[in-house]
Amino acid sequence: MGKGFITSNEVIYKDENGIERKRTVSKEFTHKIDQDKFYMTFIDYVKWIYGLTTITTLKVLYKLLEIAEYNTGEVSLSPGKRQEIMESIGIKKSAFTQALNQLVESGALEVKYKTDKDTGELIPVRGEYRISPEMFWKGELKK
């Protein structure tokens, strides 16, 4: 997806009878932009951020936004990915877990569930989340 713009120029020419005429020539250009860097935020849904007592939760959120899948907002946190995030922002496992829990409680992060085949119960899938599209969106606006 790109950003488009049109340029127009007037060209003066002589026709076959020698009469000067004007013609408008328009060209349309498309400039490709990097969609992975785009985040759209709905401010009314993120007012909970003002109640944070530490910056750690925000740091974790920003890391999750970076790794979220394009157009779905899904985040898969394997043990290795968790460790990578903790090392990159300099926090311990307990602080990371607390930040994840706060993000889930606030609604910024949704836990992914699967249905148990035997009982039909919804069971949380360990390490699988989705960024709330009502709060943050990473992807094409058409979607």
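One can find the structure itself at the top, above this paragraph.
Every value quoted in this text rests on a predicted model; they were computed, and no experiment measured them.

Trainee: Could you give me a rundown of the sheet that holds strand β5 (residues 109-115), with the residues and numbers involved?
Mentor: Read across the sheet, three strands follow the order β4-β6-β5 without closing on themselves; strand pairing throughout is antiparallel. Each edge of the sheet is formed by a strand with only one pairing partner; in this case those strands are β4 (74-76) and β5. The sheet shows a mean angle of 55° between the axes of neighbouring strands, direction not considered. Where β5 and strand β6 (residues 122-131) come together, six bridges link them in antiparallel fashion. Bridge pairing in β6 places T115 opposite L122. Against the sheet, helix α1 (residues 56-67) makes contact with β4, β5 and β6, and its axis sits at roughly 105° relative to β4, the strand it touches most. Lying on the sheet, helix α3 (residues 93-106) is in contact with β5 and β6; it crosses β5 at an angle near 85°.

Trainee: Lay out the side chain of E128 with the relevant residues and their values.
Mentor: As for its position among the elements, E128 is in strand β6. Buried and without a salt bridge, E128 has K112 as its closest oppositely charged side chain, separated by 4.4 Å. Within the local environment of E128, its side chain forms a polar contact with the side chain of S76, the two groups lying 2.7 Å apart. Those residues in contact with E128, other than ones at most four positions away along the chain, are V75, S76, E110, V111 and K112.

Trainee: Can you tell me about the layout of surface pockets, naming the residues and giving the values?
Mentor: If you add up the space inside the largest pocket, you get close to 260 Å³. When contributions to the lining of the largest pocket are tallied by element, the ones reaching two or more residues are α2 (79-89), α3 and β6. If you tally residues by element for the lining of the largest pocket, the top one is α3, at five residues.

Trainee: Hey, could you go over the packing of α2 against α3 for me, with residue numbers and the actual values?
Mentor: Two elements in contact, α2 and α3, have axes separated by 10 Å at closest approach and are oriented at 105°. With respect to each other, α2 and α3 are oriented roughly perpendicular. Of α3, the residues touching α2 (which contributes R82, I85 and M86) are K93, F96 and L100. In the contact of α2 with α3, the residues fall into four nonpolar, no polar and two charged.

Trainee: If you had to explain empty space enclosed by the protein to someone new, which residues and values would you point to?
Mentor: Under the criterion given, the structure shown has one cavity of 30 Å³ or more. Considering only enclosed or pocket space, the largest cavity measures out at about 40 Å³ in volume. Around the largest cavity, the lining residues are L65, A68, G73, I131, F136, W137 and K138.

Trainee: Describe the nonpolar core, and please don't skip the residues or the numbers.
Mentor: If you look at the biggest cluster of nonpolar residues, it comprises 25 residues, and the most contacted ones within it are V60 and L64. When residues of this core are assigned to their parent elements, the largest contribution, five residues, is made by α1. Contact partners of V60, with chain neighbours within four places excluded, come to I89, I91, F96, A99, L100 and L103.

What counts and what doesn't
Residues numbered from 1 in each chain as written. Predicted model: local features only at pLDDT ≥ 70, side-chain atom pairs only at ≥ 80, totals over all residues. Heavy atoms only, no water. Pairing = 2+ DSSP bridges. Helix = DSSP H or I, 4+ residues; strand = E, 2+ residues; numbered from the N terminus. Axes fitted to C-alpha atoms, helices over the stretch in contact; angles between N-to-C directions. Contact = heavy atoms within 4.5 Å. Buried < 20%, exposed > 50% of the residue type's maximum accessible area, 1.4 Å probe, protein only. Lys, Arg positive; Asp, Glu negative; His and termini not counted. Salt bridge = Lys/Arg side-chain N within 4 Å of Asp/Glu carboxyl O. Polar contact = N/O pair within 3.5 Å; in protein donor to acceptor, adjacent residues only side chain to side chain. 1 Å grid on protein atoms, 1.4 Å probe; cavity = no way out; pocket = protein on both sides within 12 Å on 5 of 7 lines; lining within 4 Å. Points joined across faces, edges and corners; volume = space filled by probe spheres on them. Parallel < 35°, antiparallel > 145°, perpendicular 65-115°, else oblique. Nonpolar A, V, L, I, M, F, W, Y, C, P; charged D, E, K, R; others polar. Core = buried A, V, L, I, M, F, W, Y, C linked by side-chain atoms within 4.5 Å.

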